[in-house]
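# Report on the structure
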Amino acid sequence: MCGIVGYVGDRQAWPIILEGLQRLEYRGYDSAGIAVVDAEGVMQVRKTVGKVDGLATANGKGMPPAPLHGNMGLGHTRWATHGRPSFDNGHPHTDCRGRIAVVHNGIVENFTSLKARLQDAGHEFVSETDTEVIPHIIEEGMDQGLCFEEAFLRMGRIVQGSQAITATCQDCQDTIWAMRLGHAGGIVVAHQDGQGIVGSDLPAMLPILRQSGVGGKVGFLDSGETAQVTREGVKYRDLDGRFIDKRLQAVSPEDVLIDKGGYRHFMLKEIYEQPQVVASVLRNRVNFQHGKVDLAEMPFTEEEVKSFQRVVLIGCGTSLHAAQVGRYLVEQLGGLPAEAESASEFRYRDPFLDEHTLVVSIAQSGETADTVAAMEMVRSTGARLVTICNVEGSQTTRLAEGALYMRSGIEIGVASTKTFIASLTVLSLLGAYLGQTRGFLSAEEVRRLVDELAQCPRLMGDMLTDTSQYQRLARRFNGYQNFLYLGRGINASIAMEGALKLKEISYIHAEGYAAGEMKHGPIALIDQRMATLAVVPRNSLYDKMVGNILEVKARDGMVLALATEGDKEIVSQVDEVLYMPGCGELLSPMLATIPMQLLAYHIAVLRGCDVDQPRNLAKSVTVE
Ligand code: AGP
């Protein structure tokens, strides 16, 4: 969602902040802005509605155009929550006198009462945002005689809700302050060669970290922590101003580098990375020689694993679909009852959880507000908690007892692709690990699964060798306004994921259904204007799926089947066929996903959509 960059040093702040914002574009946003303290010591602000590129020619109201000149500033990409995308609602926000600039991720939950109180005291507001109360509260503190630092800390004790805040003041001696409250939105800080940089996540730091060629050390703020960043260094404090001994983490430029690697879009690059991602997930977790799974990251003793009576998997969006596939894997490999649920629903139930329940949260970003909140609720129950995540040090990894990393490298495309495949791979390992440890699977069964997993990268690579058929199919299907995706068993959730991919990047209406549900309602929609994608691999539910396909054809629906290589029977039943390699039923979701991704991608490209940054979506959904 929103992105933050702040810089102080000897170089011009504008190009550094601008590059940082460009590197955060993948998070999703709808307006952008930069504030710089100019050579005369005056705070200047420029904003644009739409893309960051618009800042190059952005005017302030009645001010000269960008770029701004000065050595300290803040930048922001805003994803609208309170108030539509507009110049006035864009960040940075300022106080009445325009001396203090603030950028902010998250929500000030008590902003209505704060705004009313501040307005009564004479403060003038120009936006509809919750954020704007922040510079006015700081201003109020300074009007009461506090220095900026004291006023900033006071503000942190007044605002309620989860948020990340970065602020500066034209009268404050080249200093940027950053604060993290709760879990919505991260703040990372680095200092190197007389320069300080603050970002909402690591890519924002690249303009500084790549300078040395070796990266640097960064500090991730925890909730209730602040950073005071100057040319001289960084001071970490809590909200009462007490110094904190912050543990810094080393990062290399590669950790933060974002590059399309010759592909037209990040999403396409990330789809092509999937074979390597599977190999990376398996590395050191599978003993191919002995046919065993070794999940050393699992934070439980063998006795504890044996004591589990139930597994609950939670996530949102694509991660929920991974959880749903995981339910099958845990039941069939781990031999445990399993449930999957949306984290956004789970957090508001009063679910039955105890120390014999293992909860598995899934979140590529590790910052999804609903998932984080659900995990906090789980912690209070005594249930055991692990997370599957792609971002080291993120919220979910801190909340869980252990983290099973996706090892996918940074995913830029807002539509999750490689992290979904990574989640499925981790879940296969988790299922096998549970079954192996609990004695549910025989050594031979584990070996067979390990052998199948070992083949996945090659099979996926084969599927990605010639993708010309997707371009042809995209031309045939891109004019449809409605799609139904059908699947059964472990592939019902893959149908849902396929529909989600199509709708989020092409804006075509698409629904994913367990095929058995079709005749309970969706069948009413079927006519020649409805396209149906049927996931119909050769497995125990093949005949049932063919039955559903015939029901669609009987109503003049157009059917594209995703079938197993060598299935000739299906050709006469449908309009088009895509093939995937044959594999064991439990691993079929991993292979079936690739055609869904490629079809959605090529349709979206043909429709001229912004594939990597679809409208209204964000990479990390840090608000509820
Ligand atoms: C996936 O393509 C979507 N962008 C979205 O549904 C996403 O999966 C969801 O917001 C959850 O994200 P997380 O994995 O970071 O928790």
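Look up a bit, the structure's there.
Since this is a predicted model, take the numbers as computed values, not measurements.

Definitions and cut-offs
- Residues numbered from 1 in each chain as written.
- Predicted model: local features only at pLDDT ≥ 70, side-chain atom pairs only at ≥ 80, totals over all residues.
- Heavy atoms only, no water.
- Pairing = 2+ DSSP bridges.
- Helix = DSSP H or I, 4+ residues; strand = E, 2+ residues; numbered from the N terminus.
- Axes fitted to C-alpha atoms, helices over the stretch in contact; angles between N-to-C directions.
- Contact = heavy atoms within 4.5 Å.
- Near = heavy atom within 4 Å.
- Polar contact = N/O pair within 3.5 Å; in protein donor to acceptor, adjacent residues only side chain to side chain.
- Areas by Shrake-Rupley, 256 points an atom, 1.4 Å probe, with all protein chains shown as cover.
- Phe/Tyr/Trp six-rings, centres within 6.5 Å; stacked < 30°, edge-to-face > 60°.
- Buried < 20%, exposed > 50% of the residue type's maximum accessible area, 1.4 Å probe, protein only.
- Lys NZ or Arg CZ within 6 Å of the ring centre and 35° of its normal.
- Right-handed = clockwise from strand over helix to strand, strands pointing away.
- Disulfide = S-S within 2.5 Å.
- Core = buried A, V, L, I, M, F, W, Y, C linked by side-chain atoms within 4.5 Å.

## Structural notes on the sheet that holds strand E24 (residues 530–536)
Paired through their backbone hydrogen bonds, the strands of a sheet run either parallel or antiparallel. If you trace the five strands from one edge of the open sheet to the other, you get E23-E22-E24-E25-E26, paired in parallel fashion. Looking at strand neighbours, the two that pair on one side only are strand E23 (509–514) and strand E26 (576–580), the edges of this open sheet. For this sheet, the mean inter-axis angle between neighbouring strands, taken without regard to orientation, is 20°. When E24 meets strand E25 (residues 558–564), the two strands line up parallel, connected through six bridges. Looking at E25, one finds that Thr532 is bridged to Val559. Together, strand E22 (482–487), E24, E25 and E26 form the strand contacts of helix H16 (residues 468–477), whose direction differs from that of E26 by roughly 150°.

## Observations concerning the site of the ligand
In the region of the ligand, 15 residues are neighbours, and Ser319, Gln364, Ser365, Thr368 and Glu504 sit closest. With respect to the ligand, the side chain of Ser319 contributes an N or O atom lying 2.6 Å from an oxygen atom. Out of a free accessible area of 410 Å², the ligand has 92% covered by protein chains. When contributions to the shell around the ligand are tallied by element, the ones reaching two or more residues are helix H10 (318–334) and helix H17 (492–506).

## Quick word on the packing of aromatic side chains
According to the stated counting rule, one finds eight aromatic pairs in the structure shown. Both rings, one in Tyr480 and one in Phe483, keep their centres 6.2 Å apart while their planes meet at 70°; by these two values the pair is edge-to-face. Its relative accessible area of 15% is what places Tyr480 among the buried residues. Residues Phe483 and Tyr485 carry aromatic rings whose centres are separated by 5.9 Å and whose planes lie at 40° to one another, so their mutual orientation is tilted. Across the pair, Tyr485 and Phe483 agree in class, each one buried. An aromatic cluster is present here, built from Phe477, Tyr480, Phe483 and Tyr485 joined pairwise through their rings. The side chain of Arg538 reaches across the aromatic face of Tyr542, ending 4.0 Å from its centre. Geometry around Tyr507 places Arg615 over its ring, the cationic atom sitting 3.8 Å from the centre.

## Thoughts on the pairing of E25
The element E25 is largely enclosed, with a buried count of seven among its seven residues. Crossover E24 to E25 through helix H18 (residues 542–553) is right-handed. In the sheet, E25 pairs with E26 via five bridges, with the strands oriented parallel. What sits directly across from Ala561, in E26, is Val577.

## What to know about the state of the cysteines
Considering all chains together, one arrives at zero disulfides under this definition. In this structure Cys169 is not part of a disulfide, and its nearest cysteine sulfur, from Cys172, lies 3.2 Å away. Residue Cys169 is classed as buried on the basis of its relative accessible area, which comes to 1%.

## Points about the nonpolar core
If you look at the biggest cluster of nonpolar residues, it comprises 92 residues, and the most contacted ones within it are Leu434, Phe483 and Tyr485. No other element matches helix H19 (residues 588–606), which puts twelve residues into this core. Filtering out sequence-adjacent residues up to four positions away, Tyr485 remains in contact with Ala495, Gly498, Ala499, Leu502, Ala510, Glu511, Gly512, Tyr513, Leu533, Met596 and Leu599. Core analysis: the second largest hydrophobic core is formed by 28 residues, Ala13, Trp14, Ile17 and Leu24 among them.

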